[in-house]
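Residues per chain, in single letters:
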Amino acid sequence: SWTSMAAAPVGGGALAYPGAGDFIYASQAGTTAFWRYSISGNSWLAMTAAPSAVISTAVVATGGDFIYAFKGDTFTIFYRYSISGNSWSTMTDATFGATWATALVYPGSGNFIYAIRRIFYAPVNIPAADDNAHLHAQVFHLMNFIRVEA
């Protein structure tokens with residue numbers, strides 16, 4: 001069964017666990033806020049704010065000192081957070097802008113983080129084949145898949 005924990009100070013966002021230790025990290029979507037949750041203490045602590053609002057929920061830890069995040073909202077900006085330094089760096093821009101349908105993954109070994117983004121193009125009005133006045137909406141889905149060295 002589910003158990004209630006200390007109320008999260010974040011309203012929407014993403015979680016990242018670095019693979020070991022007592023802390024889970026959380027970004028707050030649409031803000032620069034970044035938080036650390038203590039598993040043993042059941043408490044939240046504000047960490048250094050991101051350089052600009054992180055709108056995307058695409059956040060990943062690589063099992064070491066770093067957590068990576070897209071800025072989101074179709075921006076190509078990509079950030080790295082140092083756990084030990086409690087600081088942010090701006091990395092090389094991605095080749096696409098992250099949206100709400102973007103995800104990041106680290107496969108557990110190696111030097112790469114992988115990202116996928118789904119783009120929706122809708123509605124596109126297409127005349128009906130029966131020559132009447134009805135129009136049909138069509139949704140196009142485009143998937144982008146890239147990787148970056150961590």
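Since this is a predicted model, take the numbers as computed values, not measurements.

1. What about the nonpolar core?
Counting residues in each nonpolar core, the largest one holds 14 residues, and the members touching the most others are Ala16, Tyr25, Phe34, Val59, Ile67, Tyr81 and Trp88. Broken down by secondary-structure element, the contributors of at least two residues to this core are β1 (13-16), β5 (59-61), β6 (66-72) and β7 (75-82). Not counting chain neighbours up to four residues away, the residues in contact with Phe34 comprise Tyr25, Ala26, Ser27, Leu45, Ala46, Met47, Thr48, Ile67, Tyr81 and Trp88. Among the nonpolar cores identified, the runner-up in size contains ten residues, and Phe78, Ala94, Ile113 and Ala115 belong to it.

2. Details of unusual backbone geometry
At Asn42, a position not held by glycine, the phi torsion is positive, near 50°. With respect to the element layout, Asn42 can be found in the loop between β3 (34-38) and β4 (43-46). Look at Asn42 and you get partly exposed, because its relative accessible area is 31%. Here the phi dihedral of Asn86 falls at roughly 50°; this positive angle occurs in a residue that is not glycine. By the element assignment, Asn86 lies in the loop between β7 and β8 (87-90).

3. Some details on the environment of Phe70
For Phe70, the position within the fold is in strand β6. Here Phe70 falls in the buried class, since its relative accessible area comes to 2%. Here the alpha-carbon distance between Phe70 and Ala58, two residues twelve residues apart in the chain, equals 5.9 Å.

4. Focus: the packing of aromatic side chains
Within this structure, the stated rule accounts for nine aromatic pairs. For the ring pair Tyr25 and Phe34, a centre distance of 6.0 Å and an interplane angle of 15° mean the geometry is stacked. Neither Tyr25 nor Phe34 differs from the other in exposure class; each is buried. Within the aromatic cluster, the residues linked to one another by ring pairs are Tyr25, Phe34, Tyr79, Tyr81 and Trp88. Lying over the aromatic face of Phe23, Arg36 brings its terminal NZ or CZ to 3.9 Å of the ring centre. When the ring centre of Phe66 is taken as reference, the NZ or CZ atom of Arg80 above it lies at 4.0 Å.

5. Focus on the sheet that holds β3
Reading across the sheet, the four strands line up as β1-β2-β3-β4 and stay open at both edges, with antiparallel pairing between neighbours. Two strands close off the open sheet at either side, each with one partner strand: β1 and β4. Looking at each pair of strands side by side, their axes are set apart by 25° on average, direction ignored. Looking at chain direction, strand β2 (residues 23-28) and β3 are connected through five bridges and run antiparallel. What sits directly across from Phe23, in β3, is Ser38.

6. Focus on the environment of Ala115
Within the secondary structure, Ala115 sits in strand β10 (residues 112-127). For the pair Ala115 and Phe70, spaced 45 residues apart in sequence, the C-alpha separation works out to 9.7 Å.

Criteria and cut-off values
- Residues numbered from 1 in each chain as written.
- Predicted model: local features only at pLDDT ≥ 70, side-chain atom pairs only at ≥ 80, totals over all residues.
- Heavy atoms only, no water.
- Core = buried A, V, L, I, M, F, W, Y, C linked by side-chain atoms within 4.5 Å.
- Buried < 20%, exposed > 50% of the residue type's maximum accessible area, 1.4 Å probe, protein only.
- Helix = DSSP H or I, 4+ residues; strand = E, 2+ residues; numbered from the N terminus.
- Contact = heavy atoms within 4.5 Å.
- Phe/Tyr/Trp six-rings, centres within 6.5 Å; stacked < 30°, edge-to-face > 60°.
- Lys NZ or Arg CZ within 6 Å of the ring centre and 35° of its normal.
- Pairing = 2+ DSSP bridges.
- Axes fitted to C-alpha atoms, helices over the stretch in contact; angles between N-to-C directions.

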